[in-house]
Amino acid sequence: MTKMAARASGGGAAGWRLLLLLAAAPAPVAAGGMLYPRETPSRERKELGGLWSFRADFSASRDAGFMQRWYRQPLRQTGPVIDMPVPASFNDITQDPSLENYIGWVWYEKEVLLPLRWLQDDLNTRVVLRFGSAHYYSIVWVNGVQVVEHEGGHLPFEADISSIIQGSPGVPCRITVALNNTLTPHTLPPGSIQYMNDKTRYPKNYFVQNIRFDFFNYAGIHRPVVLYTTPSVYIDDITVTTTSSESVAMVQYQVSVVGSTLYSLSLSLHDQEGKVVATGDGPAGELKVLNPNLWWPYLMHENPGYRYFLEVKMQAQANGALLEDVYTLPVGIRTVHVTSTQFLINGRPFYFHGVNKHEDADIRGKGLDWPLVVKDFNLLRWLGANSFRTSHYPYAEEIMDLCDAYGIVVIDECPGVGIKMSESFGNKSLQHHLVVMEELIRRDKNRPSVVMWSVANEPASELPPAAYYFKTVIAHTKALDPSRPVTFVTDANYALDRGAPYVDVICVNSYFSWYHDPGHLEVIPLQLTTQFENWYKTYQKPIIQSEYGADSVPGLHSDPPLMFSEEYQKAMLREYHSVFDKKRKEYVIGELIWNFADFMTNQGTTRVLGNKKGIFTRQRQPKSAAFVLRERYWKIANESSCLPPIIKSHTLFLK
């Protein structure tokens, strides 16, 4: 699914080349951990969501904000500003079409009054500014002082701002963000700027942002912005892995502390009732849990998503004071193993019956929205879906928390979508891709719901440089996390794919009777069966049908089924399902429909207000296909050989 992108007008070529160089320059990678900011007895958190001041830089070269140093003064003093909600994409908030398709630098600002207690102790309190994500390239100033740069639109970044804010009680703290959504051949996802120089057809300095992926390139501060505190000596990172047998589980841990080498650590593992089930001390060790409650996927156990809570306490002497830091990490005890024909969770075969999603909704774009998140999880469980892929980028940490809690299994995908150009396989792109995987694993390594990493979606993996590229990315990912399998999602021919030899699970996308032989449902059984047999014969690895589907316009009906009708979407699903039912007895281990809900794309002759392959509308109302899939998923869950009779009756009750 590759489409050309949104248009924007204005911008001088010389200025744009400078901005592209800046946007493509590697930002420094944050050292250490990236623990989610939780309130504890030693840590406070202040949410900065709400209305921010906003200004897009419409200057010819998009560099007025830097030339005039907008970060040196309140943004309102630089020119006209508007209110912009955070978190949200900026594209759909106003009635201004030039902002809908804007490419370049936009500026955000928020003034915040900080609690006096954060400012009084200038030696022992650390104040951190954290962004859940901002798309795509961010530069952040506090009171006119640059504190952090970050490249990438879907992962968190933060900065210690203690030294900047101390000594100014009662004075608002001014946070300024410059954000550039330009995509280049070396960003992730990649893109390119094309200048339209035919003056008989285009205005002066006209350009387009080309992309090779089929979803709208929403931009803005998409996830929560928070200030949080820690002591000056603090718990920086925690890494947990687990092993288990029927009666005993082992929780291996590593804890890193920053700020002093003289400290003590104590750990206690609590069950969901608060009972301590194991204790330990020191920066590394192993906790023994007798008769553990394992983390099971939804519909695989009567108590899915069971989590323990690892409380880590640190004590240290600093500046003549005794400091204590406390952090509590949710922990799920589970194992993952892949054979040539099966995917095993806790030693039992697991079949992915789930969806692909997008972070996408009316008005808010890709901004985190709690009512929408909760609605989506209710729909997933109603559907009987036990899994999804974070197509095609890491989702918000708040969404991942609910996956852990509800037992929804996740294939965690990085933003490696649209890697089609040969220049996107070079060393510059590769180095950035490795950094992105480091940031993703650093963020999600402790999540029991994450059972596999995906390093790309539909790359041009038939190109010669793809072999070294994916061999390197996958090896790096496995070195960072040996506990999980690694894949990427392919739409290449099985005989030409140069990255497939390095994955643990084959994930393949195909749209028979849609993009291939459109309108001919009768070709699906033969073509899909041939697809599976060719892939398995070549690689002897389990296979997930990671995408399949058809567009349907809600309320459009046709009998016999015709393309874009709800009947055609249902008929296509049933043709695919008949083949899945045969092959899942052999080596097919999953099916993920494309897509959970309709979503916005760039404008084009094949897209009518977005992609309509959802089984739900963009407003989360079911199409006819949703009921087909619901019936199927509950049937699979109840027929599963790994469910004892008591669990089968429980799933029927859940229906």
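What you are looking at is a predicted structure, and each value in this text was computed from that prediction instead of being measured. (Residues numbered from 1 in each chain as written. Predicted model: local features only at pLDDT ≥ 70, side-chain atom pairs only at ≥ 80, totals over all residues. Heavy atoms only, no water.)

What to know about the side chain of Asp271
Part 1: Here Asp271 lies in the loop between strand S18 (263–270) and strand S19 (276–281).
Part 2: Put simply, Asp271 is tucked away with no salt bridge, and the nearest opposite charge, on Lys275, sits 5.7 Å away.
Part 3: Polar contacts involving the side chain of Asp271 include one to the main-chain amide nitrogen of Glu273, which spans 2.9 Å.
Part 4: Those residues in contact with Asp271, other than ones at most four positions away along the chain, are Val277, Tyr306, Tyr308 and Phe309. (Helix = DSSP H or I, 4+ residues; strand = E, 2+ residues; numbered from the N terminus. Buried < 20%, exposed > 50% of the residue type's maximum accessible area, 1.4 Å probe, protein only. Lys, Arg positive; Asp, Glu negative; His and termini not counted. Salt bridge = Lys/Arg side-chain N within 4 Å of Asp/Glu carboxyl O. Polar contact = N/O pair within 3.5 Å; in protein donor to acceptor, adjacent residues only side chain to side chain. Contact = heavy atoms within 4.5 Å.)

A short note on the UniProt feature "domain: Glycoside hydrolase family 2 catalytic" (unreviewed entry) in the chain
Part 1: On the UniProt side, "domain: Glycoside hydrolase family 2 catalytic" (unreviewed entry) is annotated at positions that read residues 336–637 here.
Part 2: The span residues 336–637 carries 35% helix and 16% strand; its end-to-end C-alpha distance comes to 19 Å. (UniProt positions renumbered as here; feature names shortened; annotations may be inferred.)

Regarding the sheet that holds strand S11 (residues 173–180)
Part 1: Strand order in the open sheet made by the 6 strands is S4-S3-S5-S11-S8-S9, with antiparallel pairing throughout. Each having just a single partner strand, strand S4 (82–86) and strand S9 (145–151) make up the two edges of the open sheet. Each adjacent strand pair in this sheet contributes to an overall mean axis angle of 30 degrees, direction not counted.
Part 2: Two strands pair when backbone bridges link them, and strand S3 (residues 50–56) and S4 are joined in this way by 5 bridges, in the antiparallel orientation. When the bridges of S4 are listed, Phe54 appears paired with Ile82. (Pairing = 2+ DSSP bridges. Axes fitted to C-alpha atoms, helices over the stretch in contact; angles between N-to-C directions.)

Some thoughts on the packing of helix H8 (residues 427–444) against helix H9 (residues 466–480)
Part 1: Running from N to C, H8 and H9 cross one another at 25 degrees; their axes reach a closest spacing of 10 Å. Viewed along their axes, H8 and H9 adopt a mutual orientation that is roughly parallel. For the pair H8 and H9, the crossing hand works out as right-handed. Residue-level inspection shows Ser429, Leu430, His433, Leu434, Met437, Glu438 and Ile441 of H8 in contact with H9, the latter providing Tyr468, Tyr469, Thr472, Val473, His476, Thr477 and Leu480. (Parallel < 35°, antiparallel > 145°, perpendicular 65-115°, else oblique. Left-handed = near helix turned anticlockwise from the far one by under 90°.)

Here's the deal with the nonpolar core
Part 1: Core analysis: the largest hydrophobic core is formed by 100 residues, its most contacted members being Phe377, Phe388 and Phe470.
Part 2: Once you skip the residues sitting within four places of it in the chain, Phe470 turns out to touch Phe425, Val455, Ala456, Pro459, Ser461, Phe488, Gly499 and Tyr502.
Part 3: Membership of the second largest hydrophobic core comes to 48 residues, among which are Ala316, Val336, Phe350 and Phe352. (Core = buried A, V, L, I, M, F, W, Y, C linked by side-chain atoms within 4.5 Å.)

Brief notes about the sheet that holds strand S23 (residues 336–338)
Part 1: The 3 strands are arranged S23-S24-S25 in an open sheet whose pairing can be described as antiparallel. Strand pairing shows two members of the sheet lacking a second neighbour, S23 and strand S25 (348–349), which therefore form its edges.
Part 2: In the sheet, strand S24 (residues 343–345) pairs with S25 via 2 bridges, with the strands oriented antiparallel. What sits directly across from Leu344, in S25, is Pro349.

Some remarks on the packing of helix H6 (residues 370–383) against helix H7 (residues 397–406)
Part 1: Close contact between H6 and H7 brings their axes to 11 Å; oriented N to C, the two are set at 30 degrees. Between H6 and H7 the crossing geometry is right-handed. Contacts from Trp370, Val373, Phe377 and Arg381 of H6 reach H7 at Glu398, Ile399, Leu402, Cys403 and Tyr406.
Part 2: Its residues assigned to classes, the contact of H6 with H7 shows 7 nonpolar, no polar and 2 charged. (Nonpolar A, V, L, I, M, F, W, Y, C, P; charged D, E, K, R; others polar.)

Remarks on H8
Three- or four-residue spacings in an α-helix give side chains the same orientation, since the helix completes a turn every 3.6 residues.
Part 1: In this model H8 runs 26 Å from its N-terminal to its C-terminal C-alpha over 18 residues, within 8% of the 26 Å that 1.5 Å per residue would give.
Part 2: Burial of H8 is extensive: 13 of the 18 residues sit out of reach of the surface. (Expected span 1.5 Å × (residues − 1).)

Section: the confidence of the model for the chain
Part 1: When pLDDT is averaged along the chain, the result is 92; 93% of the residues meet or exceed 70.
Part 2: The low-confidence segment residues 1–30, where pLDDT is below 50, has 96 contacts with residues more than four positions distant or belonging to other chains.
Part 3: In the model, residues 644–655 has pLDDT below 50 throughout and makes 17 contacts with residues more than four positions away in sequence or in other chains. (pLDDT = per-residue confidence, 0-100.)

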